[in-house]
Amino acid sequence: MAKGIEIREAHFPGRAPIDAYGNGGFRFADMSHRGSILCLPSGIHGWDKTEDTPLTLADLQRVLDEAGEIEVLLVGTGKDIRPLPAEIKAALRERHIRSDPMSTGAAVRTFNVMLAESRAVAAALIAV
């Protein structure tokens with residue numbers, strides 16, 4: 001008997017370059033995702049974040065949980081560059097993670113290069 005549609009948290013269990021971005025989402029690993037994403041050592045996760053809301057430490061909890069495997073966090077802040085709040089920068093620095101906010105397009109390109117170099121990189125990418 002059919003149970004209806006089951007909605008699960010978006011997660012791709014691997015590391016993959018971002019093939020395309022725009023129109024409110026991303027393409028990677030022959031798939032597409034509508035909305036923002038976190039690219040972490042544990043995989044690519046759907047991320048409930050938009051350009052019009054301020055970034056908080058709670059938004060980056062997954063990043064903090066995987067801090068031991070991350071050296072650099074690229075933060076794609078949308079169409080425009082927005083500085084990271086001091087609380088976030090301090091929490092990342094405390095865990096020995098360098099952070100670099102930039103437009104989402106620049107973050108995607110930088111992430112792909114660093115991933116190809118096998119660097120310990122993560123990205124928090126707000127959809128544009």
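Computed from a prediction, not measured in an experiment: that's the story for all the values here.

We note that A29 has phi near 50°; this positive angle belongs to a residue other than glycine. Mapping A29 onto the fold places it in the loop between β3 (25-28) and β4 (31-34). Positive phi, normally seen in glycine, also occurs at D30, with a value near 60°. Along the chain, D30 turns up in the loop between β3 and β4. Classification of D30 as exposed rests on a relative accessible area of 83%.

Below, the discussion takes up the nonpolar core. One finds I18, F26, I37, C39, L74, F111 and L125 to be the most contacted residues of the largest nonpolar core, which totals 20 residues. Those elements that place two or more of their residues in this core are β3, β5 (36-40), β7 (72-76), α3 (104-116) and β9 (121-125). With 19 residues, the next largest nonpolar core counts L55, V75, L84 and I97 among its residues.

On to the sheet that holds β4, then. Strand order in the open sheet made by the three strands is β2-β3-β4, with antiparallel pairing throughout. A single partner strand is all that each edge strand has here, and the edge strands are β2 (18-22) and β4. With strand direction ignored, the average angle separating the axes of adjacent strands in the sheet is 15°. Pairing analysis gives four bridges linking β3 to β4, with the strands arranged antiparallel. By the bridge assignment for β4, F28 is matched with M31.

All right, on to the environment of G105 then. Along the chain, the position of G105 falls in helix α3. Put simply, G105 and A127 are 22 residues apart on the chain and 9.5 Å apart in space, counted from C-alpha to C-alpha.

Taken as a whole, this structure holds three salt bridges when the rule is applied. Note that D59 is salt-bridged to K49, the shortest N-O span being 2.8 Å. Residue D59 is located in the loop between β6 (43-47) and α1 (61-65), and its partner K49 is located in the loop between β6 and α1; the two are separated by ten residues in the primary sequence. For E117, the salt bridge goes to R119, with nearest N and O atoms at 3.5 Å.

Turning next to the side chain of S103. Turning to its location among the elements, S103 is positioned in the loop between β8 (98-102) and α3. Setting aside its immediate chain neighbours within four residues, S103 contacts G76, T77, G78, K79 and I81.

Analysis parameters
- Residues numbered from 1 in each chain as written.
- Predicted model: local features only at pLDDT ≥ 70, side-chain atom pairs only at ≥ 80, totals over all residues.
- Heavy atoms only, no water.
- Helix = DSSP H or I, 4+ residues; strand = E, 2+ residues; numbered from the N terminus.
- Buried < 20%, exposed > 50% of the residue type's maximum accessible area, 1.4 Å probe, protein only.
- Core = buried A, V, L, I, M, F, W, Y, C linked by side-chain atoms within 4.5 Å.
- Pairing = 2+ DSSP bridges.
- Axes fitted to C-alpha atoms, helices over the stretch in contact; angles between N-to-C directions.
- Salt bridge = Lys/Arg side-chain N within 4 Å of Asp/Glu carboxyl O.
- Contact = heavy atoms within 4.5 Å.

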